[in-house]
Amino acid sequence: QVQLVESGGGLVQAGGSLRLSCVASGRTFSRTAMGWFRQAPGKEREFVAAISWSGGRTYYGDSVKGRFTISRDNAKNTVYLQMNSLKPEDTAVYYCAATMGLLVYTEITQYDYWGQGTQVTVSS
């Protein structure tokens, strides 16, 4: 079992920044690939970013490349999502997820554990 708790969401103006955090407990975090997803009202949940267990490999959705950065601190059992140059279309509930798989995935179906989500609202 893995428990995930996100924090750091809030209201920000367009062009601003936020950093989301996700603290994990349970399964050995340092050997678990992690991902961030988001879901806007009326839309499907979409991939945002993912990171390997070592932090050596990262992947990003096309809409956030160059603006968002995923990172992790295995000593703190925490994965981060630094979001810069935020746009109103980034408004969504952001979810942290963990996979039992051996690789880094972009597909929602490959993730086994999910946090409760944190709301990010970007005003224009």
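Residues numbered from 1 in each chain as written. Predicted model: local features only at pLDDT ≥ 70, side-chain atom pairs only at ≥ 80, totals over all residues. Heavy atoms only, no water.

Caption draft 1: Structural detail: the overall build of the protein. Helix and strand content of the protein: 0 helices and 11 strands. Scanning the protein from its N terminus toward the C terminus, one meets helices and strands in the order β-β-β-β-β-β-β-β-β-β-β. Its C-alpha atoms give the protein a radius of gyration of 13 Å, within 12% of the compact-globule value 14 Å for 124 residues. When its C-alpha atoms are laid out on the principal axes, the protein stretches across 40 × 30 × 25 Å. In the protein, buried positions account for 44% of the 124 residues. In the protein, the proportion of contacts linking residues at least 24 apart, taken out of those at least 6 apart, comes to 58%. Accessible surface, the protein as shown: approximately 6,300 Å² in total, 49% of it carbon and sulfur. Side chains of the protein carry 12 positive and 9 negative charges; the gap between the two charge centres is 6 Å. (Helix = DSSP H or I, 4+ residues; strand = E, 2+ residues; numbered from the N terminus. Rg over C-alpha atoms; globule rule 2.2 N^0.38 Å. Buried < 20%, exposed > 50% of the residue type's maximum accessible area, 1.4 Å probe, protein only. Contact = heavy atoms within 4.5 Å. Areas by Shrake-Rupley, 256 points an atom, 1.4 Å probe, with all protein chains shown as cover. Lys, Arg positive; Asp, Glu negative; His and termini not counted. Charge placed at Lys NZ, Arg CZ, Asp CG, Glu CD.)

Caption draft 2: Geometry of unusual backbone geometry. At Asn77, a position not held by glycine, the phi torsion is positive, near 55°. Position of Asn77 relative to the elements: it lies in the loop between strand 7 (68-73) and strand 8 (78-83). Judged by its relative accessible area of 29%, Asn77 falls in the partly exposed class. Unusually for a residue other than glycine, Ser85 sits at a positive phi of about 50°. If you trace the backbone, Ser85 turns up in the loop between strand 8 and strand 9 (92-98). For Ser85, a relative accessible area of 42% corresponds to the partly exposed category.

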